[in-house]
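These are the residues of each chain, in order.
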Amino acid sequence: MKKSLSFVSVLYDLLIDAALMGMGYLIYYQFNIRPLAPIDWNPLVIQVFGSKQSATLILSGIPFAIGLLSVVQIMFRVLGALRPHSAKS
């Protein structure tokens, strides 16, 4: 027996995923395109990742990738719930 899919839970999951992807994009925008606030990477972070560009790509890519993969998972979950079920006797 499959669990029923709640519309509110899907929207809530999509909201969380959009926040993760937005956070990744804002980190990338802040440090590669145009600063929104007068902050910069700590020199220790730059030293760990090797360069400012690498630190930005890795630290902005992680939340973006997690959010994107979660959106794909939600799509498969919704499609699986919408698929007609065969009746077993």
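In what follows, the structure referred to is the one given above.
Residues numbered from 1 in each chain as written. Predicted model: local features only at pLDDT ≥ 70, side-chain atom pairs only at ≥ 80, totals over all residues. Heavy atoms only, no water.

## Points about the side chain of Asp17
Inference 1: If you trace the backbone, Asp17 turns up in helix α1 (residues 7–33).
Inference 2: Apart from residues no more than four positions distant in its own chain, Asp17 is found in contact with Gly67, Ser70, Val71 and Ile74. (Helix = DSSP H or I, 4+ residues; strand = E, 2+ residues; numbered from the N terminus. Contact = heavy atoms within 4.5 Å.)

## A look at α1
Inference 1: An ideal rise of 1.5 Å per residue puts 39 Å on 27 residues; α1 measures up with 37 Å between its terminal C-alpha atoms.
Inference 2: Of all the positions in α1, only Val10, Asp17, Gly24, Tyr29, Gln30 and Phe31 are classed as buried.
Inference 3: Of the surrounding elements, those touching the buried residues of α1 are α3 (52–82). (Expected span 1.5 Å × (residues − 1). Buried < 20%, exposed > 50% of the residue type's maximum accessible area, 1.4 Å probe, protein only.)

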